[in-house]
Amino acid sequence: MFWKKKRQEETDKENKPQTIMDLFQHLKENPDFAHFQHQGDHFSCWISFFQTLVDVDYVHRDVFPCIYDEKIHSMKDIQEQLPIETIIRAKDLSMIQSKLLEGYIIIQKNEADTDCLIIPSIKIQGRQIEKSEVETSILGPKETFVESLDTNINLVRKRIPIPQLKVEELRVGKISRTRVSVVYIDGIANDENVNTVKQRINDLEVANLIDATVLALNISDNDNSIFPQFIDTERPDRVSGAIYEGKIAVLVDGSPNALVMPSTIVEFFVAFDDYFLVWHIASLYRLLRLFAVALSAFASPVYIAMLTYHYQLIPKDLLGTLISSRSSVPLDPVMEVIVLEIMIELLREAGARLPTKVGQTIGIVGGIVIGTASVQAGLTSNILLILVAMSALAAFITPNYRMATSIRFIRFPFIISAQVLGMLGIAFCFIFFVCHLLRLTSLGRPYIEPIYPLRVNDLKDGFIRLPYNFQNTRPMVLRPGDASRMNTTRTHKKKGKHKADIDE
């Protein structure tokens, strides 16, 4: 291992340019790299930039006219006359290389000089801010993150316009040097959580970083768990609300998703639209989602267990229907379930990969045709088809896509356990997952809080959402620097006083 690391370091040293001339010689192999000399009567210089990375219109409109001006006699004159605030003067070769590859212009007095002016002229390209496609919103804001990190930070800052909002930028990836921003409110976010996030990101030794979800997989507490430990969202309003709570957001350049940490399992079943509804309806929707999770995970396994081992538990009226429905089915219940589950997953995957309009048609028509044909062919029973369809629908109710995928996956261990030991197998499998969740953490914090450890205060915004006047403190699991969220006593007094004035 030592020799491998040493050999890698020697290779990196050989590939690294030793002088600025070596750097230019290497970059000249690219057809979009411009490196030329400006010869003027009073001043001459060398100019270098990538044409595909810089804003060419800006360069020709503002930068070149200033450099070619007769008043320019030195590098200092360019720095003073050019109407740009963030001009950098540097001699570090690694900085010059990285800035060139980010879309900056390099100006030198002589071609071999490392004393350069670095002028920002980055071309910003990307899609416009649009409506959410994954986390659709009926109520509330419709904006979503895009692939530009600066745009995403703007969407967060305009919702949290306070000087305490901190944005710390890190670089990840030995080759890509991807920009990663850690966003939190100083004084509210727990310092230990902030330091843990930055330490885990800085300790990453990867060649490149593609997306925020890839970052989440690399810095999560348990790499082998099928449950997501950080919430990924494309909604700026959800990220801003979490930051106000004392959480930490991580934004990655080139990713339209943000990571929110630490997270608990209950939060994966909370839609941000719940906060725009009255608490009665919001609580009902949350309970409905939890019921949907139970239905999705247990419907098929219970069907197998009861038909294989516990048919005595089936009511007599329903038993006759089941017998007649399965009379022409040649497959065992477990094979019948697995065949249908695989069909559902194939339809879901095909619908997701095909173009939108075609995918919707394939999903609807394919489900109807295959379901009807399988029943008529005697491969499945009508009752099982209904159960599997309900389980598939229930899995999609979960607001978070990654958690919905995990729920669909855990059906298969329950199906196998039900076939082996019946209801006892389902119980053993359930205990296994509960033990796993008890040991799981998110950024070192309990994953199934407020269930364990039991924190009654945090239950106010857990399985049900109580009115806002009951939620005067931030979640205890975050250990926030400022636990107070609102002063309900003063708010009610002022509201009561205002009402009394109106009555008078």
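Fair warning: this is a prediction, and the values are worked out from it, not measured in the lab.

Engineer: Lay out a nonpolar patch on the surface with the relevant residues and their values.
Structural biologist: There is a patch of nonpolar side chains on the surface, built from Ile416, Val420, Leu421, Leu424, Phe428, Phe430, Ile431, Val434, Leu438, Ile451 and Tyr452 and spanning about 1,000 Å² of accessible area. At 6 residues, the largest contribution of residues to the nonpolar patch is made by helix α16 (residues 423-439). The residue Leu424 is located in helix α16 in this model. Among the residues examined, Leu424 registers a relative accessible area of 48% and is labelled partly exposed.

Engineer: Could you give an account of the pairing of strand β9 (residues 248-252), with specific residues and numbers?
Structural biologist: The buried fraction of β9 is high, at 5 of 5 residues. Residues Ile248, Val250 and Val252 line one face of β9 and the alternating positions Ala249 and Leu251 line the opposite face, and both faces are buried. Looking at chain direction, β9 and strand β10 (residues 258-261) are connected through 4 bridges and run antiparallel. Its bridge partner being in β10, Val250 is matched across the sheet by Leu259. The hairpin formed by β9 and β10 contains 5 residues between the paired strands, and Gly254 there has a positive phi angle of roughly 95°.

Engineer: Kindly report on helix α11 (residues 316-326), identifying the contributing residues and their values.
Structural biologist: Taken together, the buried positions of α11 are Leu322, Ser325 and Arg326. Down the axis of α11, the buried set is contained in an arc of 85°. They therefore lie on one face. Summarising the geometry of α11, the exposed residues directed more than 90 degrees from the buried face are Lys316, Asp317 and Ile323. Of the surrounding elements, those touching the buried residues of α11 are α10 (279-308), α12 (333-353) and α14 (382-396).

Engineer: Can you tell me about α14, naming the residues and giving the values?
Structural biologist: With 15 residues, α14 should reach 21 Å at 1.5 Å per residue; the first-to-last C-alpha distance of 22 Å fits that figure. For α14, the complete set of buried residues consists of Leu384, Val388, Ser391, Ala392, Ala394 and Ala395. In a view along the axis of α14, the buried residues occupy a sector of 165°, so they form one face of it. Of the exposed residues in α14, those oriented more than 90 degrees away from the buried face are Ile386 and Leu393.

Engineer: Please set out the packing of α10 against α14 residue by residue, giving values where relevant.
Structural biologist: Taken N-terminus to C-terminus, the directions of α10 and α14 make an angle of 155°; their axes are 7 Å apart at the nearest point. Considered as vectors, α10 and α14 are oriented roughly antiparallel to each other. Seen from above, α10 lies across α14 with left-handed handedness. Touching Ala292, Leu295, Ser296, Ala299, Ser300 and Tyr303 of α10 are Ile383, Leu384, Leu387, Val388, Met390, Ser391, Ala394 and Ala395, all from α14. Considered class by class, the residues forming the contact of α10 with α14 number 11 nonpolar, 3 polar and no charged.

Engineer: Just give me the short version of the sheet that holds strand β8 (residues 231-233), but keep the residues and values in it.
Structural biologist: Overall, antiparallel pairing links the 5 strands, which are arranged β6-β7-β9-β10-β8 in an open sheet. Two strands lie at the open edges of the sheet, namely β6 (165-172) and β8, each paired on one side alone. The sheet shows a mean angle of 25° between the axes of neighbouring strands, direction not considered. Of the strand pairs in this sheet, strand β7 (residues 178-185) and β9 are connected by 4 bridges, and their pairing is antiparallel. Along β9, the bridge assignment pairs Ser181 with Leu251. Helix α8 (residues 212-219) rests against β7, β8, β9 and β10 of the sheet, and its axis sits at about 35° to β10.

Engineer: Lay out the environment of Pro475 in plain terms, naming residues and giving numbers.
Structural biologist: Mapped onto the elements of the fold, Pro475 is located in the loop between β12 (445-446) and α17 (488-503). Residues Pro475 and Arg455, spaced 20 residues apart in sequence, show a C-alpha to C-alpha distance of 9.2 Å. Those residues in contact with Pro475 that lie beyond four places of it in its chain are Glu245, Asp458, Pro480 and Arg485.

Engineer: Run through the nonpolar core, naming residues and quoting values.
Structural biologist: Residues Phe227, Val239, Ile243, Ile265, Met403 and Tyr447 are the most contacted members of the largest nonpolar core, which totals 48 residues. Ranked by residues supplied to this core, first place goes to helix α15 (residues 401-421) with 6 residues. Apart from the residues within four sequence positions on either side, Tyr447 is in contact with Phe227, Pro228, Gln229, Ser263, Thr264, Ile265, Phe268, Met403, Leu437, Leu440, Thr441 and Ser442.

Engineer: Go over the side chain of Thr178, please, and point to the residues and values.
Structural biologist: Its place among the elements puts Thr178 in strand β7. A distance of 2.9 Å separates a polar atom in the side chain of Thr178 from a polar atom in the side chain of Ser176. Polar contacts involving the side chain of Thr178 include one to the main-chain carbonyl oxygen of Leu209, which spans 3.3 Å. Excluding its chain neighbours within four sequence positions, the residues that come into contact with Thr178 are Leu170, Arg171, Val172, Leu209, Val252 and Asp253.

The rules behind each value
- Residues numbered from 1 in each chain as written.
- Predicted model: local features only at pLDDT ≥ 70, side-chain atom pairs only at ≥ 80, totals over all residues.
- Heavy atoms only, no water.
- Patch = residues over 30% accessible without salt bridge, like charges linked within 9 Å, V, L, I, M, F, W, Y side chains within 5 Å.
- Areas by Shrake-Rupley, 256 points an atom, 1.4 Å probe, with all protein chains shown as cover.
- Salt bridge = Lys/Arg side-chain N within 4 Å of Asp/Glu carboxyl O.
- Helix = DSSP H or I, 4+ residues; strand = E, 2+ residues; numbered from the N terminus.
- Buried < 20%, exposed > 50% of the residue type's maximum accessible area, 1.4 Å probe, protein only.
- Pairing = 2+ DSSP bridges.
- Arc of directions from axis to C-beta.
- Contact = heavy atoms within 4.5 Å.
- Expected span 1.5 Å × (residues − 1).
- Axes fitted to C-alpha atoms, helices over the stretch in contact; angles between N-to-C directions.
- Parallel < 35°, antiparallel > 145°, perpendicular 65-115°, else oblique.
- Left-handed = near helix turned anticlockwise from the far one by under 90°.
- Nonpolar A, V, L, I, M, F, W, Y, C, P; charged D, E, K, R; others polar.
- Core = buried A, V, L, I, M, F, W, Y, C linked by side-chain atoms within 4.5 Å.
- Polar contact = N/O pair within 3.5 Å; in protein donor to acceptor, adjacent residues only side chain to side chain.

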